[in-house]
Amino acid sequence: MLLRPAYALAALAALSGSARADDPLHTLIDQHVGAAIKSAGVTPAPQADDATLVRRLTLDLVGRIPTTTEVDAYVKSDDANKRATLVDRLIASPGFARHQAAQFEVMLNPDGGGRRGGAALGEYLRGAMTAGKSWDRVYRELMLPDESDATMKGAADFLKARLADPDKLTNDVSVSFFGVNVSCAQCHDHPLVKDWTQDHFYGMKAFLVRTYDAGGMLAERGFGLAKHKANKGPEKVAPMMFLTGTKLDDPTAREMTKEEQKKEKELVEASKKEKKAPPPPAFSARARLVEVSLKDGNADFFARSIVNRMWHRFLGSGFVNPLDQMHSENPPSHPELLAALAKDTAAHGYDLKRLVSGIVMSQTYSRSSHYPTEATPDRRLFAVAALKPFTPLQLSTSLKIAAADPAQFEGKKAAEFEKLVEQMEGGGRGFASLIAQPTDNFQVGVGEALLFSNGDRVTREFLTDGGNTVLGRVKAMTDKKAAVALLVRTAYGRAPTDAESTALVAYVEGRADRPAEAYRQVLWALVTAPEFRFVY
Amino acid sequence: MPSPFFCGSDAHRVSRRGFFGAAAAAGVAADMTGLNVLGSPALASELRRGQKRVILLWLAGGSSQLETFDPKPGAPTGGPFRAIQTDVPGLQISELMPKMATRMKDVCLIRGLNTRNGDHGSGAKLMMRGRRDEPSLRYPDLGAVVAREMGRADSQVPDYVTFYTQTEGRSFAPGDSGFLGARYAPMELTTNNTPEFIRRLDSITETDHRERAELRNMLGRDFVRGRTSDALGSHAEAYGRVRGIMGSERLFDVSQESQRTRDRYGPTQFGQQALIARRLVEAGVPFVRVARAWWDSHGQNFETHQEMVPELDHVMATLIDDLKERNLLNDVMVVTLAEFGRTPGINASLGRDHFASAWSMTMTGASAKGGAVWGRTDPRGQTVTHEEVNAANLFATIYAALGISPHKNYYVGSRPIPLVDPGAEPIEALVK
Amino acid sequence: MPPVPTPESFRQTGDHNRPVITFAVALGDRPGRAYFGCSDFKVYEADLGAAKVEFKELHGTHGSYVTGVAFAAGCVVSGAYDGKLVWWNTAENRHVRTVDAHGRWVRKVVASPDGALVASVADDMVCKLWDAETGRVVKELRGHAERTPTHFPSMLYGVTFSHDGRKLATCDKVGKVVIWDVASGNQLGACESPGMYTWDPVQRLHSIGGARTVAFSPDGTLLAVGGIGKIGNIDHLEGKARVEVFTVADGRSQWVFESDRYRGLVNKLQFAPDGSWLLAAGGAGEGQFEFLDVAAKRPKRQDKLTMHTHDFAATPDFGTVVYVGHNRVVVHKPA
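Residues numbered from 1 in each chain as written. Chains lettered and ligands numbered in written order. Predicted model: local features only at pLDDT ≥ 70, side-chain atom pairs only at ≥ 80, totals over all residues. Heavy atoms only, no water.

Remarks on the sheet that holds strand 24 (residues 277-283) of chain C
Picture the strands of a sheet paired through backbone hydrogen bonds; they go either parallel or antiparallel. Residues and elements named next belong to chain C. Pairing within the open sheet is antiparallel, and its four strands lie in the order 23-24-25-26. Edge strands, defined here as strands with exactly one partner in the open sheet, are strand 23 (265-271) and strand 26 (298-305). When strand polarity is set aside, the average angle formed by the axes of neighbouring strands in this sheet is 20°. For strand 24 and strand 25 (residues 287-293), the ladder comprises seven bridges, and the chain directions are antiparallel. Bridged to Ala 281 within strand 25 is Phe 289. (Pairing = 2+ DSSP bridges. Helix = DSSP H or I, 4+ residues; strand = E, 2+ residues; numbered from the N terminus. Axes fitted to C-alpha atoms, helices over the stretch in contact; angles between N-to-C directions.)

Focus: the arrangement of the chains
Summarising the chain contacts, two pairs of chains touch, and the pair with the most contacts is chains A and B. Chain C makes no contact with chain A, the minimum C-alpha separation between the two being 24 Å. (Contact = heavy atoms within 4.5 Å.)

What about the interface of chain C and chain B?
Of the residues lining the interface, 37 residues belong to chain C; the matching set on chain B comes to 35 residues. Contact between chain C and chain B buries roughly 2,900 Å² in total, counting both sides, with carbon and sulfur atoms accounting for 55%. The largest contributions to the chain C side of the interface with chain B come from C:Trp105, C:Phe152 and C:Asp235, which together make up 19% of the buried area. At the boundary of chain C and chain B, one finds four salt bridges. With a closest N to O distance of 2.8 Å, B:Glu303 and C:Arg212 form a salt bridge. Elements that contribute at least two residues to the side of chain C that touches chain B include exactly strand 1 (10-27) and strand 18 (206-209) of chain C. Of the residues forming the side of chain C that touches chain B, the biggest block, four residues, is contributed by strand 18 of chain C. Grouping the constituent residues of the side of chain C that touches chain B by class yields 17 nonpolar, 13 polar and seven charged. (Buried area = accessible area lost by both parts, 1.4 Å probe. Salt bridge = Lys/Arg side-chain N within 4 Å of Asp/Glu carboxyl O. Nonpolar A, V, L, I, M, F, W, Y, C, P; charged D, E, K, R; others polar.)

Considering empty space enclosed by the protein
Counted under the stated rule, the structure contains 13 cavities of 30 Å³ or more. If you go around the largest cavity, you meet 18 residues; those closest to its centre are B:Glu303, C:Phe23, C:Arg107, C:Arg212 and C:His310. At the level of elements, helix 10 (301-325) of chain B together with strand 9 (106-111) and strand 23 of chain C are the ones that each hand at least two residues to the lining of the largest cavity. In terms of residues, the lining of the largest cavity owes the most to one element, helix 10 of chain B, which gives three residues. (1 Å grid on protein atoms, 1.4 Å probe; cavity = no way out; pocket = protein on both sides within 12 Å on 5 of 7 lines; lining within 4 Å. Points joined across faces, edges and corners; volume = space filled by probe spheres on them.)

Observations concerning helix 23 (residues 498-509) of chain A
Given a rise of 1.5 Å per residue, 12 residues ought to cover 16 Å, and the 16 Å separating the end C-alpha atoms of helix 23 of chain A matches this to within 8%. Those residues of helix 23 of chain A that sit buried are A:Glu500, A:Ser501, A:Leu504, A:Val505, A:Tyr507 and A:Val508. Along the axis of helix 23 of chain A, the buried positions cluster into a sector of 155°, meaning they face one direction only. The exposed residues of helix 23 of chain A that point more than 90 degrees off its buried face are A:Asp498, A:Ala499 and A:Thr502. Taken together, the buried residues of helix 23 of chain A touch helix 22 (480-492) and helix 24 (515-528) of chain A together with helix 6 (206-224) of chain B. (Expected span 1.5 Å × (residues − 1). Buried < 20%, exposed > 50% of the residue type's maximum accessible area, 1.4 Å probe, protein only. Arc of directions from axis to C-beta.)

Comments concerning the domain arrangement of chain C
When the parts of a complex come together, some accessible area is lost, and that lost area is often taken as the interface size. All names here are of chain C. Each domain of chain C was delimited in the assignment, giving domain 1 (14-142) and domain 2 (188-335). Between domain 1 and domain 2, the C-alpha centre-to-centre distance is 22 Å. Contacts between the two partners involve 18 residues from domain 1, matched on the other side by 17 residues from domain 2. For the domain 1 and domain 2 pair, buried surface summed over both sides reaches about 1,500 Å², with 55% attributable to carbon and sulfur atoms. Three residues stand out in domain 1 for area buried against domain 2, namely Asp 15, Val 25 and Leu 27, and they jointly supply 30% of the buried area on that side. At the boundary of domain 1 and domain 2, one finds one salt bridge. In this structure, the connection of domain 1 to domain 2 is made through eight residue pairs in polar contact (both at pLDDT 80 or more). Per-class residue counts for the side of domain 1 that touches domain 2 are 11 nonpolar, four polar and three charged. (Domains from an automatic or database assignment. Polar contact = N/O pair within 3.5 Å; in protein donor to acceptor, adjacent residues only side chain to side chain.)

Below, the structure is given as structure tokens:
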């Protein structure tokens, strides 16, 4: 089923008078989404149960499954405010900074599995998330990094990894920060989208074409120009122009003279020797791009894009899909809500925590992913929670936690607990590199199934039964039913069903001569089953 | 113009993922009797289609057209090797290929490639995909497309296998399923001729390995009920294929062939891998690439080709004979292709450098027309003078000769993506 | 015996541009007269002593690169990648005979010191001895494997007579050198210079290099082999120019010289008339010549040539050395 714009209009009509700008974000979200569901005549999925919700929140916010202790505490709590408390705790924890940074790293470097610029960009992002930097600040620091500041070194990697190809730089900046893919307009006006002409591509390129690599350091010329040739007609010089059409007067648009080329060469040599970036130009085109793009009237692109991306991160798809196709011919599923969230985010200084908290506190977020009848509602209605495949690091860290003796986590102080989790995350990184990074339309390949089925590494890293492992613990248990129940609880955060319990016990009893092996195989089956592989 | 609003929902196309995924999760994928296959038109046509397969002999580093399929004997650029007459009237190839010279009536030869990219990395990507990636869109390569078009969802064999045992240039030309995703990613063999993780570990018995997988299916049964997603389906499908793929390990074992057959392919790694490729396509694997690196003869071009071309000649001829004898040549296409050819100019080290302006490739089998020659180069081999072919035309032709419409669309989100660049047409004269 | 020129005394006296690659050079029976085998399938003649040096086409009867020329019995005997040997009488400027000499590509042709025999080597891995007068085959010497240990075709690059004409040496791609008794055609011994051959089993899966040239010392006690040292990236001739010297009597290696200055092949080697030094020339993108002090086992003079040098020929007293190669012919004389 297709959500036509008419639905959106109807949803809007149903809303009028009920949603107000000063409502809390999650209320705003639920009112808009609920109205659209109602006007589509669809019954939404019920709210997920507590065990599911604590698992989902922990995975989405801090990138791992919850421990049995965490699940029990949440499920058993009768505090009416327990969800908000949990969300606040998770967002304040170091895991939040690490996981969100990892997500941003993939977002900024999608081709490299998040690693193209090397580890430094990731380090910068972790620092930025830990410090609670706002999104516009991160944007400024990535676009205008001060390399002489040691803590900013990684920030420069975003640009530096792209300096060899100004066209790619132009497009990646547009995609990452404005949700706009202008690459189609590189060779001709966009065939499908009237919004994007060659002038847009080259207008954006004009801001970035002066940025260059000075012996491994980032540098920018005080002049330069982007030229393009239409399919027909003469070569044109593109003025700096933002996506909204805002043009900049540009007295410095000119080609380099021979003399300047020579001087630049010397400058590059000097930077190489001194390992110091050349001084910035008096007029920085890149700085102008940052300034122009955040100005009133232009900032919509920036604000809408980050809202759309964060919505996609937590709900599994964006208001606008694909994330880099935000243009007039690809309208959002919920235009008013997107506008409202963008406005709120801009008004609150692009505070990511506020936005994230608003999203995950909504009833829209906490719906069940289970929809029992045949016809699943259009996913653009957000009437059912989407299944989100684990990221490689979510998978490896969660495997470590599922393989650990849950007693390890009990009675630990918050700081100690966080340290242990961080160690586990670090220990799983190598394995994570074997797993594919999910994208839209992601499919699990047979390579992963073969790795889990026959890879020595899976056994060595996650299925050992020494000290501090759950397999070590169950090996020593005499009650088989309790043993398999413990395995199910550590992996799934819930008790086994009767049918599961019977089947698992039977499996273990059938291997009375090799109980340790039997439990190992049970844990293998648990963590390779779909219930483990997805955020549901 | 196609609608930019295609929703990509399951209701609008038969989703093999969702379909087989759910089936596999329920443990019945291997047995199709319970499923109303013919009730689903897309599936039925998929199962009926005569399954074409491809063996790509990837001549990594760039073999020389002048020392293989487009010799220029006597020209200042021609080098020392003579041209010999083939079984196709008027067609001569290098004396380094005497075996292929008697088999050119089965071969469709393109001499007019002008692909304009003389860089190993981007050239290899171009010639694996038939087009340039967009900054934010990675296209699937030939192998992934053929795997997708010709592979069966419940296949017991891998869909796309690639051998690239040498290390040079391997990272330039990885098998890449692009936006088609991990489902069509190749099984890559780089260190030996047996795929990774295809063999059960000694630490688990055969029975436990099988029953453990059944336990896993049981655990997933409740979870998938009431949940639909392509990713979920692919997860089930991937695990559903494990036992079958493990069973295909014997396909990689040349000792299953008679000594005579093994001797026929010769003792070299390339020969043995070509034999494995034949075993794989015979068992239904849609696409196998055997990369033979490294032809990058900047120094000593003639001696490098004197060493390597006879091996290519032998392996290619043996493969074609073998496929023919097994009645497979109507369904299996053997392609020779590289990232580019080599310069007509001979450098001071008696080498030839990178050259993409006038080079050659071949297609043999399936619906590629045997004995056909397309494209002509000037007497020194520097330019294409007639019937020029670019990467898009070439891929359109390969697809057409495999019975795949080159204008078919895939969808990335809502965006229709034709298999080849818009406007590129197959060369009709080369397709039977 | 006139005094032997010192390496330092050689000066360039001529440098001629050529539109072709010259693979082989031989000096004729008249002073200054030289013959050239070239990439345009032709054999040229030039009087290098003339005021204005002209390269005249002697004949164009070959069907491929002319890679060996020798002067014997009043004829230029040339061998080419077409597998043929052609005898051409220079005094009468006429074709004498063409012989289908080898099944594969001829690599080198040399004449015996007395001019009675001509030896040719080709990639059929056979060395053939020919009666220079009649063009009849006298001996076929088989001692080099047709295939490399990794099953690829081998190549037989070099052949030379000892100064007394009694011995012959041949060298192949994998660095094997065989010493033959000319009279009987029997193998007298063999030595190996595997350092000349780079087989890249993993990265690129093919080979490069080979023992390209051999030379006996005037007293017949030493045998020098030339080629290139081990190469990392076999796409290029980036190994060190390499010479290995063996004692003929026992086939033992005496000295390996790997140039500290030049990379590329050593395509031609020759001892000084008194055996005191050894001249090695070759190249890659550019060329070089290196004089090696045989007794001291060290280089005496190392210098650039303007082109990758495929061959040189010297008068018996080394009063003239003619280097040939990529698009150039260069003449050196002692000052």
